[in-house]
Amino acid sequence: MAGTVSAVVATVRQRGIVSLARCSLPLLSGAKTFDLSQIEQRRGIVSKSMRLPDYKRKAPFPYTEKRYNLWRAIFDDTTQRFDENSKILVVDGPPSGNKAKLAMGIAEELDMMYMPGANLDERYINKYGYDLRSVNDQLPPNVRCFDINDFLRDPNHWLVAKMQFELMRIRFGQYLDALSHVLNTGQGVVMNRSIYSEGVFVDTMAEHGFITKKAQSFYFETLEQGDYEFMRPHLVIYLDIPVQQVLKNIKDRNRPEEVNSPFYTAKVLASLEKNYKEKYLRKMAKHAEVLVYNWKEEGDPEVVVEDIERINFDKYTDYDLKLEDWRFDKEWDWKYKRIMFSQYREHLLSDLILPKLNVPELVATADEVMTFYDVYENKVPGNKYLHGFNKDLGDSYLFKLKSDSL
């Protein structure tokens, strides 16, 4: 097994991915701190400690409160807020690698926004704090809530495919939010995984029979319909953890749903590792910079930040495939993307909700759907009306024209 993994990593390295061993020293032996003039000339990512004392980013556009529409686009350029750090970084890797800690550390050092991993609580807990899972027993089995913990306990359950599609929609929405944030504020974003690696888990599930091949095929078909307008991340940071270390980490943190999970076995995790390296990393390396770290032992975010600062993101030309998503000739091209991601978020998400009749695990009958909405609206406080319009929960909506959540 060790030889196979080494061969995969060697192949990945040959494909242009930088592979870094975790250590307490910088990547380049004897490397010295860059002076400010070097950083400005290269326009690489800059940490807070290397910023000029009087540096101040232009005030962000309040995109969560105001719509960036055609009228505002006439007077508000997008690139005026950009600086060296107006980028999207993704920290990725197998389970148990403490990706959140590293991603938050990088975001803090680089003055970027941290975006946590996908959580199905976003779907199941409403804005008043009431959880739809509390009425699961009142729902037909085919439309019940099914989260990650349920999956780990029973990865062969009929609802696994539905759960994976829900996660796709959440990660899709997160990436829309990340793009919108960069384009409206100029501040970079560090993400704990992204929509682009979710397919690794889908492929692994299909290989081991946790979802059907039809569900796997429809997953990627649906994703392609939705993400064609996306701009892929500038940098992927992959934390490479050997399978046995992943199993040890899972055992050490001793979460009941994980310890004896049929998904967390050496065989399944080996497939996951292979798919990560042979599919995800190779594909992303064509479009983004990639750093791979040996994360058998948890590393230091400051060391990773130093390596990030050494990357020259401006070395590519119009003829290069890498980072082409972020090269536009006209300001209005940037504005078009900004309007799309900011104003048409729900429209883009709607492309992901149509089921396919030949994938039965994704289809519910009319009676099941009617029962679901009856329970959803009448048994879970706060779901009958839009957020901000539920008088029985204390909402005051006199003169209110739109929901607080819109």
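Look up: the structure comes first, before these words.
Residues numbered from 1 in each chain as written. Predicted model: local features only at pLDDT ≥ 70, side-chain atom pairs only at ≥ 80, totals over all residues. Heavy atoms only, no water.

Student: What should I look at first to understand the pattern of salt bridges in this one?
Tutor: Once the charged atoms of two side chains with opposite charge are near each other, the side chains can pair. What the rule picks out here adds up to 32 salt bridges. Salt-bridge contacts for Arg133 lead to Asp121; the nearest nitrogen and oxygen are separated by 2.5 Å. Residue Arg133 is located in the loop between α5 (121-124) and α6 (148-153), and its partner Asp121 is located in helix α5; the two are separated by 12 residues in the primary sequence. On the basis of relative accessible area, Arg133 is assigned to the partly exposed category, the value being 22%. Residue classification places Asp121 among the partly exposed residues on the basis of a relative accessible area of 29%. Here the residues in one salt-bridge network are Arg51, Arg57, Asp83, Glu84 and Asp111, joined through shared partners. (Salt bridge = Lys/Arg side-chain N within 4 Å of Asp/Glu carboxyl O. Helix = DSSP H or I, 4+ residues; strand = E, 2+ residues; numbered from the N terminus. Buried < 20%, exposed > 50% of the residue type's maximum accessible area, 1.4 Å probe, protein only.)

Student: Honestly, the packing of aromatic side chains in this entry has me stumped. Any pointers?
Tutor: The geometry of an aromatic ring pair is captured by the separation of the ring centres together with the interplanar angle, meaning the angle of the planes. Taken as a whole and judged by the stated rule, the model has 23 aromatic pairs. Ring centres of Phe201 and Tyr276 lie 6.2 Å apart, and the angle between their planes is 85 degrees; on these two criteria the pair is classed as edge-to-face. Here Tyr276 lies in helix α12 (residues 266-285) and Phe201 lies in helix α8 (residues 198-207), a separation of 75 residues in the sequence. Taking the centre distance of 6.0 Å and the plane angle of 50 degrees together, the rings of Phe210 and Phe263 count as tilted. Taken together, the residues Phe210 in the loop between α8 and α9 (213-226) and Phe263 in the loop between α11 (256-259) and α12 connect sequence positions 53 residues apart. A relative accessible area of 8% places Phe210 in the buried class. What links up through ring pairs into an aromatic cluster is the set Phe172, Tyr175, Tyr196, Phe230 and Phe341. (Phe/Tyr/Trp six-rings, centres within 6.5 Å; stacked < 30°, edge-to-face > 60°.)

Student: Sorry, what's going on with the pairing of strand β6 (residues 289-294) here?
Tutor: Regular strands have side chains that alternate between both faces of the sheet. Among the 6 residues of β6, 5 are classified as buried, and the element is accordingly described as predominantly covered. Bridge analysis of strand β5 (residues 235-240) against β6 gives 6 bridges, and the strand direction is parallel. Pairing of Val236 across the sheet is with Val290, part of β6. (Pairing = 2+ DSSP bridges.)

Student: Would you take a moment to explain the nonpolar core for this structure?
Tutor: Ile106, Ile237 and Ile308 are the most contacted members of the largest nonpolar core, which has 99 residues in total. In terms of residues, this core owes the most to one element, helix α7 (residues 160-185), which gives 14 residues. Residues within four places of Ile106 in sequence aside, it is in contact with Leu89, Val91, Val190, Ile237, Val304, Val305 and Ile308. (Core = buried A, V, L, I, M, F, W, Y, C linked by side-chain atoms within 4.5 Å. Contact = heavy atoms within 4.5 Å.)

Student: So what exactly am I meant to see when it comes to the packing of α8 against α9 here?
Tutor: When two helices pack together, their arrangement is given by the angle between their axes and by how far apart the axes lie. One way to put it is that α8 packs onto α9 with a least axis distance of 9 Å and a crossing angle of 165 degrees. Comparing the axis directions of α8 and α9 gives the class roughly antiparallel. The two elements α8 and α9 meet at a crossing, and its hand is left-handed. Within the contact between the two elements, α8 uses Glu198, Gly199, Val202, Asp203, Ala206 and Glu207 and α9 uses Lys213, Gln216, Tyr219 and Phe220. A class-by-class count of the residues in the contact of α8 with α9 yields 4 nonpolar, 2 polar and 4 charged. (Axes fitted to C-alpha atoms, helices over the stretch in contact; angles between N-to-C directions. Parallel < 35°, antiparallel > 145°, perpendicular 65-115°, else oblique. Left-handed = near helix turned anticlockwise from the far one by under 90°. Nonpolar A, V, L, I, M, F, W, Y, C, P; charged D, E, K, R; others polar.)

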